[in-house]
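# Descriptive structure summary
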Amino acid sequence: MFNQSTLPPNSTKIEYAFEQSFVDALPDVSVVSTLMNPETIPVELIGYLAWSFSVDEWDPDWDEEEQRETTRQSVGIQRRKGTLTAVKAALKAAGYGDATIVEGKPAQTYDGTRICDGSWAFEAADHWAEYRVYLVRPISIKQAAQVRRILQAVAPVHCHLKGLFFKQAANLYDGSFICDGTYTFGVVE
């Protein structure tokens, strides 16, 4: 008597026999469901799960929660690739927080409606396909390269990144940090 088979009804007796010879060697369904779940997979295997879920950007130096969150969010990001929602979700999953995306920034002119406080600059308008990313916290040059790779994988193909900007200052010129090339002196373009 055969155990329940996964073969089609037109299979031969030899195919059934071959299948049944491996039934005992097959892993338990609960083991498979554990390995296919970003919440329950052992941390040393999560990189393989991320690869199987087509995670576009992976850093083995991320802490466990960032690895799990990136893997957890990957299917939804893949479904929405090319949208503003996917860009924000990919940056958040990679640990860069809630980013603000500004598409096609209008020109800033000397018309008396703004106070010159250093938070913006007089400049020409962006092209309709250009966008800027404003991150909550400053990032290093290495992290900026990673953000660019994430954006290249997730953002619409026709769009062009104008620059990465920060809502907080990375460092103050007060002698409390060493200029070692880890951070830039302003916007990362």
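Structure report, in brief. (Residues numbered from 1 in each chain as written. Predicted model: local features only at pLDDT ≥ 70, side-chain atom pairs only at ≥ 80, totals over all residues. Heavy atoms only, no water.)

### Here's the deal with the side chain of Arg132
- Topologically, Arg132 is positioned in strand E2 (residues 130-135).
- Apart from residues lying up to four places away in sequence, Arg132 is in contact with Thr100, Ile101, Val102, Lys105, Glu123, Asp126, Lys162, Gly163 and Phe165. (Helix = DSSP H or I, 4+ residues; strand = E, 2+ residues; numbered from the N terminus. Contact = heavy atoms within 4.5 Å.)

### Side note on the packing of aromatic side chains
- On inspection of all chains with the given rule, the structure shows two aromatic pairs.
- Taking 5.8 Å as the distance between ring centres and 70 degrees as the angle between the ring planes, the aromatic pair formed by Trp58 and Trp62 counts as edge-to-face.
- Overall, Trp58 belongs to the partly exposed group, its relative accessible area being 26%.
- Residue class for Trp62 comes out buried when judged on its relative accessible area of 9%.
- Aromatic pair Tyr134 and Phe165: ring centres 4.9 Å apart, planes at 20 degrees, arrangement stacked. Of this pair, Tyr134 sits in strand E2 while Phe165 sits in strand E3 (residues 160-166), and the two are 31 residues apart along the sequence. Accessibility classification places Tyr134 together with Phe165 in one group, the buried group. (Phe/Tyr/Trp six-rings, centres within 6.5 Å; stacked < 30°, edge-to-face > 60°. Buried < 20%, exposed > 50% of the residue type's maximum accessible area, 1.4 Å probe, protein only.)

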